[in-house]
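# Structure assessment
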Amino acid sequence: MGAARGGRRSLLWAAVTAVILVVDASYVHDLDDSFKENRKDDIWLVDFYAPWCGHCYTLEPVWNEVGKEMGGTGSPVKVGKMDATSYSSIASEFGVRGYPTIKLLKGDLAYNYRGPRTKEDIVEFANRVAGPIIRPLPSQQMFDHVQKRNRVFFLYVGGESPLKEKYIEVASELIVYTYFFSATEEVLPEHITLPEMPAVLVFKDATYFVYDEYEDGDLSSWISRERFQGYLNVDGFTLYELGDTGKLVAIAIIDDKNTSTDHTRLKLIVQDVARNYRDHFNRNFQFGHMDGNEYINSLLMDDVKIPSIVVLNTSNQQYFLPHKPIESTEDMVQFINEILEGTAEAQGGDGILQRIRRIIYDAKSTVGSVFKSSPLLGCFLFGLPLGVISIMCYGICTADTDGGSDEAEMPKRETGRDLTDEGTEEEQEEESGESHVEYTDVAETPLL
Ligand SMILES: *[C@@H]1O[C@H](CO)[C@@H](O)[C@H](O)[C@H]1NC(C)=O
Ligand SMILES: *[C@@H]1O[C@H](CO)[C@@H](O)[C@H](O)[C@H]1NC(C)=O
């Protein structure tokens with residue numbers, strides 16, 4: 001009797017969970033061939049996946065949550081997923097080259113999502129990109145509200161003008177990264193003074209900066225440069241994004257959990273330079289810190305000690321290490337000036353020798369990780385020199401292609417490499433400096 005009741009109860013539970021699962025998934029539309037015809041009137045957020053891909057599998061529960069959130073809040077954005085291997089011709093028309101690829105499709109435009117794959121980040125992206133490109137701020141309360149909620153945002157102040165047209169044009173592409181607002185002068189707090197009108201401002205780092213066409217060059221590159229806070233917690237993904245700014249990245253490599261003064265002081269020095277030397281260095285440098293040296297070591301193929309300072313040139317993969325320990329703000333300023341003057345010695349780079357080093361390094365770490373995870377398999381595979389040789393050939397072939405498949409993979413490094421992970425090849429490409437090539441095609445027009 002008791003057992004029967006228990007059995008019935010678990011059956012009931014199973015039914016309830018099944019219903020919940022179905023409800024969850026029902027917010028996510030399974031897309032097929034007909035999507036191409038039927039999508040036109042709606043805004044779609046689509047996960048292009050492959051059944052065999054591990055990252056896609058990880059994304060699935062997150063994606064159901066995203067669907068639920070968008071559906072539940074009455075968002076106009078429809079959430080779908082498409083097996084890009086079954087409908088490969090459609091997927092390739094949308095420019096899908098890696099899995100999973102997340103795109104927001106709005107009319108003729110397709111916006112790629114490249115941020116962290118969490119529900120919050122994806123929902124925020126969808127709402128931002130699906131909404132108006134320029135959001136008007138009608139009152140000072142609205143302005144205050146926006147300022148509280150956003151670490152960085154851009155604001156156009158003034159009426160119709162050629163500058164505004166330019167602003168709209170730039171925003172329609174860069175909306176994938178940040179928010180764009182417009183307001184009249186009356187809406188601004190009194191302490192904000194504008195040298196001339198109309199104006200474009202960026203609000204960040206508890207202050208604001210005004211765009212100056214003569215000093216700052218064209219609006220688009222100014223916005224690309226200014227969309228980051230002056231000081232950042234840098235991870236692999238941020239570093240990849242920063243490549244777009246053309247700036248050198250000065251980072252303190254520290255252990256975030258180590259409270260000894262060695263670590264905290266270095267961080268404070270970099271923060272100090274970022275804030276108080278902005279006028280001197282902001283055009284050429286981005287500042288921040290990175291937790292741990294694992295990522296940076298594999299990027300530089302070197303052993304960077306913790307704590308220390310590294311300055312990276314994201315355009316050519318060169319880097320600079322101070323020749324003496326940085327102990328004060330003055331030391332740091334001097335180091336940066338040496339880099340600017342060209343007297344600091346550059347290491348690394350993207351020359352042919354470095355590429356060969358990279359291939360060997362990657363082959364070595366791949367072999368290493370196989371041995372670590374499965375020594376027997378390792379012996380079997382790499383005991384044969386053939387294995388090594390074929391990996392090197394493979395490396396040589398992929399090193400010369402222009403990052404064809406790196407599109408959707410984040411270069412964020414998890415501990416250890418996983419040979420069976422489809423991300424590995426793509427991650428390596430991003431590190432080898434090919435990654436920034438196609439980074440500008442954020443908003444692309446599919447041929448539909
Ligand atoms: C913190 O860093 C110092 C070196 O800067 C090191 O000697 C110390 O062992 C570290 N402490 C911890 C808890 O890791
Ligand atoms: C960084 O790399 C770019 C591209 O090679 C180069 O033009 C620039 O001079 C480099 N910057 C420094 C400070 O070496």
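Just so we're clear, the structure is a prediction, and the values are computed from it rather than from any experiment. (Residues numbered from 1 in each chain as written. Chains lettered and ligands numbered in written order. Predicted model: local features only at pLDDT ≥ 70, side-chain atom pairs only at ≥ 80, totals over all residues.)

### Describing the sheet that holds strand 11 (residues 231-233)
How we decide: Between any two strands, pairing holds if DSSP finds at least two bridges. The way it works is that DSSP assigns letters per residue, a run of H or I at least four long becomes a helix, a run of E at least two long becomes a strand, and they are numbered from the N terminus. C-beta atoms are placed from the backbone for every residue, and two residues are taken to be in contact when these atoms lie within 7 Å. The axes are straight lines fitted to the C-alpha atoms, using for helices just the contacting stretch, and the angles between their N-to-C directions are given from 0 to 180°.
Spatial strand order, 11-13-12-14-15-16: 6 strands in an open sheet with mixed pairing. Only two strands of the sheet have a single neighbouring strand rather than two, namely strand 11 and strand 16 (347-348). Judged from the 3 bridges that link them, strand 14 (residues 308-313) and strand 15 (residues 318-320) form a sheet pairing that is antiparallel. Note on strand 15: the bridge partner recorded for Leu312 is Tyr319. In the packing of helix 11 (residues 261-276) onto the sheet, contacts are made with strand 11, strand 12 (248-254), strand 13 (285-291) and strand 14, and the angle to strand 12 comes to roughly 160°.

### Some words on the sheet that holds strand 6 (residues 135-136)
Each strand in a sheet pairs with its neighbour through backbone hydrogen bonds, running either in the same direction (parallel) or in the opposite one (antiparallel). The strand order across the open sheet built from 5 strands is 6-8-7-9-10, with neighbouring strands paired in mixed fashion. Lying at the two open borders of the sheet, with one neighbouring strand each, are strand 6 and strand 10 (207-210). Bridge count for strand 9 (residues 199-204) against strand 10 is 4 bridges, and the pairing is antiparallel. Looking at strand 10, one finds that Val202 is bridged to Phe209.

### Focus: the site of ligand 1
What counts, and what does not: Defining nearness, a residue is near a molecule or strand when the C-beta atom obtained from its backbone falls within 6 Å of it. Here the term charged refers only to Asp, Glu, Lys and Arg, the term nonpolar to Ala, Val, Leu, Ile, Met, Phe, Trp, Tyr, Cys and Pro, and the term polar to all other amino acids, Gly among them.
The full set of residues close to ligand 1 is Asp255, Asn258, Ser260, Asp262, His263 and Pro307. Along the lines of polarity and charge, the residues of the shell around ligand 1 split into 1 nonpolar, 3 polar and 2 charged.

### A look at the site of ligand 2
The local shell around ligand 2 consists of Leu248, Asn313, Ser315, Asn316, Ile339 and Ala346. Looking at side-chain class alone, the shell around ligand 2 contains 3 nonpolar, 3 polar and no charged residues.

### Let's talk about the packing of helix 11 against helix 14 (residues 329-341)
Here is the rule: When an angle is under 35 degrees it counts as roughly parallel; over 145 it counts as roughly antiparallel; between 65 and 115 it counts as roughly perpendicular; any other value is oblique. Handedness of a crossing follows from how the near helix is turned relative to the far one, being left-handed for an anticlockwise turn of less than a right angle and right-handed for a clockwise one.
It is at 9 Å that the axes of helix 11 and helix 14 come closest, and there the two elements cross at 60°. As the angle between them shows, helix 11 and helix 14 are arranged oblique. Helix-helix and strand crossings are classified by hand; for helix 11 and helix 14 the assignment is right-handed. Mapping the contact onto sequence places Ile269, Val270, Asp272 and Val273 in helix 11 and Thr329, Met332 and Val333 in helix 14. Here the contact of helix 11 with helix 14 is built from residues that sort into 5 nonpolar, 1 polar and 1 charged.

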